[in-house]
Amino acid sequence: MALKSRNKVNANFSMSSMTDIVFLLLIFFMVTSTLIAPNALKLLLPKSSSQTASNPITSVSIDKHYNFYIETTPTPFAKLEGKLQALLAEHEDPTVSLHVDKSVPMEQVVKVMNIAKNNKYKLILATSAK
C-alpha cells in the first residue's frame, strides 16, 4: 500500500514583497535627499580641489547682484559688521564661511575680508568641489 503524505513543504520563496520594500525605500531616500539644501541661496561658486575641516559658526553670502546675506537673511552692507559682531560675540574662535557668486568682483569679497580681519574672525571661502 502506497501512502502519500499530503503535507508537502513548499521550498519556493517569493521575492516580490522584498523588492517592493526596497523600491519604496529607494524612492523615500531620493525624495528626502532633494529636500536638503545646505545653502538656500543659488550661487555659482568657484571650483577648488582642497577642503577645510573647520566648522563655521555663520555664513555670509554675496549674490550676483551684490546683495549681502547673513545665512539667508538679506543684510545691507552698512549693517553687516554690526550684525556679525552681535552674532559672534559669545564665541571663542569665531569662524565665518564666505559664499560668493563667481561673477562678483573681488572688491566686494575684500570688503567682507576686511570686516573679518578688523574683528579677528577666521574666514573660510566656500567653493564647490571639482
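You'll find the structure just up there.
As a starting point, this report considers the structure included with it. On a predicted model such as this, the values are computed, not experimentally measured, just so you know.

The next subject is the sheet that holds strand 6 (residues 122-125). Judged by pairing direction, the sheet is mixed, and its five strands sit side by side in the order 4-3-2-5-6 without closing on themselves. Each edge of the sheet is formed by a strand with only one pairing partner; in this case those strands are strand 4 (73-74) and strand 6. Across three bridges, strand 2 (residues 58-62) lies against strand 3 (residues 68-70) in antiparallel orientation. Looking at strand 3, one finds that Ile-62 is bridged to Phe-68. Contacts from helix 2 (residues 77-88) reach strand 2, strand 3 and strand 5 (95-100) within the one sheet, and its direction differs from that of strand 3 by about 15 degrees. In the packing of helix 3 (residues 106-118) onto the sheet, the strands contacted are strand 2, strand 3, strand 5 and strand 6, and the crossing angle to strand 2 comes to about 155 degrees.

A few words on the pairing of strand 5. Burial runs high along strand 5: six of the six residues are buried. Of the two faces of strand 5, the one holding Thr-95, Ser-97 and His-99 and the one holding Val-96, Leu-98 and Val-100 are both buried throughout. Two strands pair when backbone bridges link them, and strand 2 and strand 5 are joined in this way by five bridges, in the parallel orientation. Bridge pairing in strand 5 links Val-60 to Leu-98. As defined by bridge partners, strand 5 adjoins strand 6 across four bridges and the pair is classed as parallel. By the bridge assignment, Val-96 is partnered in strand 6 with Leu-123. Crossover handedness for the path strand 5 to helix 3 to strand 6: right-handed.

So, about the nonpolar core. Note on soluble globular proteins: their nonpolar side chains tend to be buried together. One finds Val-60, Ile-62, Leu-80, Leu-84, Leu-98 and Val-112 to be the most contacted residues of the largest nonpolar core, which totals 16 residues. Those elements that place two or more of their residues in this core are strand 2, strand 3, helix 2, strand 5 and helix 3. A per-element tally of this core places helix 3 first, with four residues. Apart from residues no more than four positions distant in its own chain, Leu-84 is found in contact with Thr-58, Val-60, Ile-70, Ile-115 and Tyr-121.

With that out of the way, let us pick up helix 2. An ideal rise of 1.5 Å per residue puts 16 Å on twelve residues; helix 2 measures up with 17 Å between its terminal C-alpha atoms. The set of residues buried in helix 2 consists of Leu-80, Leu-84 and Leu-88. One side of helix 2 holds all its buried residues, which, seen down the axis, span an arc of 30 degrees. Facing away from the buried side of helix 2 by over 90 degrees, the exposed positions are Ala-78, Lys-79 and Ala-86. Lining the buried residues of helix 2 we find strand 2, strand 3, strand 5 and helix 3.

Parameters at a glance
- Residues numbered from 1 in each chain as written.
- Predicted model: local features only at pLDDT ≥ 70, side-chain atom pairs only at ≥ 80, totals over all residues.
- Heavy atoms only, no water.
- Pairing = 2+ DSSP bridges.
- Helix = DSSP H or I, 4+ residues; strand = E, 2+ residues; numbered from the N terminus.
- Contact = heavy atoms within 4.5 Å.
- Axes fitted to C-alpha atoms, helices over the stretch in contact; angles between N-to-C directions.
- Buried < 20%, exposed > 50% of the residue type's maximum accessible area, 1.4 Å probe, protein only.
- Right-handed = clockwise from strand over helix to strand, strands pointing away.
- Core = buried A, V, L, I, M, F, W, Y, C linked by side-chain atoms within 4.5 Å.
- Expected span 1.5 Å × (residues − 1).
- Arc of directions from axis to C-beta.

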